[in-house]
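Observations on the model geometry
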Amino acid sequence: METATGFRPHRVVVLAIDGLLPFELGIPHRIFGHPKDAERRHLYEVVTCSIRPPGPVETDADFAIQVAHGPEALATADTVIIPASYELGPVFEQGVLTDDLAAALAHIRPGTRLASICTGVYVLAAAGLLDGRPATTHWADAERLQRLFPRIKVDADVLFIDDGDVLTSAGVAAGVDLCLHMVRRDHGTAVANEVARRTVVPPHRDGGQAQYIHRPVPDPQLATTTAARAWALGRLHEPIQLRDMAEQESMSVRTFTRRFREEVGVSPGQWLTQQRVERARHLLESTDLSIDQVARDAGFGTAQSMRQHLQTALGVTPTAYRRTFRAGNGGTGIGESERYGDVGALR
């Protein structure tokens, strides 16, 4: 709804499909329901709709939900999010849309940002919206997704993939990571971090899906690498050697490296680079420090080193990244494709 001043919140429409997971349906409302501007106006408006006229939608739990909007609401969306469902029928089995679902998706306007959580990706795939694109889903469904839709570049390791106007996430809680990323992409790190704090989740998770696959739960009596990570985060602007981190836990370098990878899913060096990239992003967005100073404060040492790391991670230079976010356009389209939570954290 546009106000007298011309302000209009970004409208997120969540498509509720029979068999949906209530947890995943609630993620967009929780994440996008919080952000406000300096005048305390909500930056997003979240609406839930069904593929049928308003009414009940079955869930995978022992209750249904009452949805007040039909598929026509999709025509009003700036962003459409499709959570997972366990009753996709021919979408999941043959890779084709049902008539009701196809008719509902036809309401979506060209240029609308699209996102899926977990197996919601099958809907985007069956609609032909992922052909030739990278995409992800829950690791247990990734092989099937690739088999059913061979034209998609399925990556089972990442938590989510940002391919510009289409974003996909891994299973369940990765939907939180994806929605936080969209808030950060739209309004910057500070806003996304505030939402994360209110939701009591990390603003950015380390590692990818690989850390959750066939990985035994560590013995709680064993030492962890938590203290070393906290120590390093307080010294990102300084040179940090692997042996320095290992010493914080009184471990050998070999033991520390093995334990670190078991807990975080990436090597200490990869994790450290990821944290420095995140620090650089925050400084580029929120300060007027020179590129050289940002590079020093983030621990890259030189502007050239930071430029190489950001180019690898985000596909842009520090100057282009700052210009994109400081210009207030939300940072859309700054890279060809971004994959989050994989073994390099960002590609």
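Up top you'll find the structure we're talking about.
Scope of this entry: the structure provided in the associated data block. Owing to the predicted nature of the structure, the values given are computational and were not obtained by experimental measurement. (Residues numbered from 1 in each chain as written. Predicted model: local features only at pLDDT ≥ 70, side-chain atom pairs only at ≥ 80, totals over all residues. Heavy atoms only, no water.)

Quick word on the packing of helix α8 (residues 226–233) against helix α10 (residues 253–264)
It is at 10 Å that the axes of α8 and α10 come closest, and there the two elements cross at 90°. Classed by the angle they form, the pair α8 and α10 counts as roughly perpendicular. The segment α8 lies against α10, with T226, A228 and R229 engaging F256, F260, E263 and V264. (Axes fitted to C-alpha atoms, helices over the stretch in contact; angles between N-to-C directions. Helix = DSSP H or I, 4+ residues; strand = E, 2+ residues; numbered from the N terminus. Parallel < 35°, antiparallel > 145°, perpendicular 65-115°, else oblique. Contact = heavy atoms within 4.5 Å.)

Some remarks on the packing of helix α1 (residues 22–32) against helix α6 (residues 174–187)
Between α1 and α6, the least distance of the axes is 9 Å, while the angle of their chain directions is 35°. When the axes of α1 and α6 are compared, the crossing they make is right-handed. Counted together, I27, P28, I31 and F32 of α1 and G175, V176, C179, L180, M182 and V183 of α6 form the full contact between these two elements. Grouping the amino acids of the contact of α1 with α6 by side-chain chemistry returns 9 nonpolar, 1 polar and no charged. (Left-handed = near helix turned anticlockwise from the far one by under 90°. Nonpolar A, V, L, I, M, F, W, Y, C, P; charged D, E, K, R; others polar.)

Structural notes on the packing of aromatic side chains
With the rule as written, the count across this model stands at 5 aromatic pairs. Between F92 and Y122 the ring centres are 4.8 Å apart and the planes differ by 55°, which places this aromatic pair in the tilted class. With a gap of 30 residues between them, F92 in helix α2 (residues 90–93) and Y122 in helix α4 (residues 121–126) connect regions that are remote in the sequence. Using a relative accessible area of 0% as the deciding quantity, one classes Y122 as buried. Ring centres of F260 and W271 lie 5.7 Å apart, and the angle between their planes is 70°; this geometry places the pair in the edge-to-face category. Taken together, the residues span a long stretch of sequence, with F260 in helix α10 and W271 in helix α11 (residues 268–286) at a distance of 11 residues. Three or more aromatic residues joined by ring pairs make a cluster, and in this case those are F92, Y122 and F149. Geometry around F7 places R41 over its ring, the cationic atom sitting 4.1 Å from the centre. Note that R144 overlies the ring of F92, its terminal NZ or CZ placed 4.3 Å from the centroid. (Phe/Tyr/Trp six-rings, centres within 6.5 Å; stacked < 30°, edge-to-face > 60°. Buried < 20%, exposed > 50% of the residue type's maximum accessible area, 1.4 Å probe, protein only. Lys NZ or Arg CZ within 6 Å of the ring centre and 35° of its normal.)

Considering the pattern of salt bridges
Inspection of the entire model under this criterion finds 18 salt bridges. Here E45 ties to R11 by a salt bridge, and the two come within 3.0 Å at their closest N and O atoms. Separated by 34 residues along the polypeptide, E45 in strand β2 (residues 44–50) and R11 in strand β1 (residues 10–16) bring together distant segments of the chain. When its relative accessible area of 24% is taken as the criterion, E45 is described as partly exposed. For R11, a relative accessible area of 18% corresponds to the buried category. (Salt bridge = Lys/Arg side-chain N within 4 Å of Asp/Glu carboxyl O.)

Some thoughts on the side chain of S50
Take S50: it is sitting in strand β2. In this structure S50 comes out as buried when scored by relative accessible area, which is 1%. At 3.0 Å, the side chain of S50 forms a polar contact with the backbone nitrogen of R52. Filtering out sequence-adjacent residues up to four positions away, S50 remains in contact with L15, A16, V57, V67, H69, G70 and P71. (Polar contact = N/O pair within 3.5 Å; in protein donor to acceptor, adjacent residues only side chain to side chain.)

Here we look at the environment of I291
Looking at the secondary structure, you find I291 in helix α12 (residues 291–297). Sequence separation of I291 and A303 is 12 residues, and the distance between their C-alpha atoms is 6.2 Å. Apart from residues no more than four positions distant in its own chain, I291 is found in contact with L284, A303, M306, P318, T319 and R322.

Considering α8
All of the buried residues along α8 are A228, R229, W231 and A232. For α8, the buried positions fall inside an angular range of 160° around the axis, keeping them on one side. On its buried face, α8 sits against α9 (242–248), α10 and α11. (Arc of directions from axis to C-beta.)

Observations concerning the pairing of strand β6 (residues 113–117)
For β6, a buried count of 5 out of 5 residues is recorded, marking the element as mostly surrounded by other parts of the structure. Side chains R113, A115 and I117 project from β6 onto one buried face, and the interleaved L114 and S116 project onto a second face that is buried too. Sheet topology places strand β5 (residues 79–82) next to β6; 4 bridges connect them, and they run parallel. Each residue of the ladder has a partner; that of T79, found in β6, is R113. One ladder, built from 4 bridges, connects β6 with strand β10 (residues 166–169); its direction is parallel. Bridge assignment links L114 to a residue of β10, and that residue is V166. (Pairing = 2+ DSSP bridges.)

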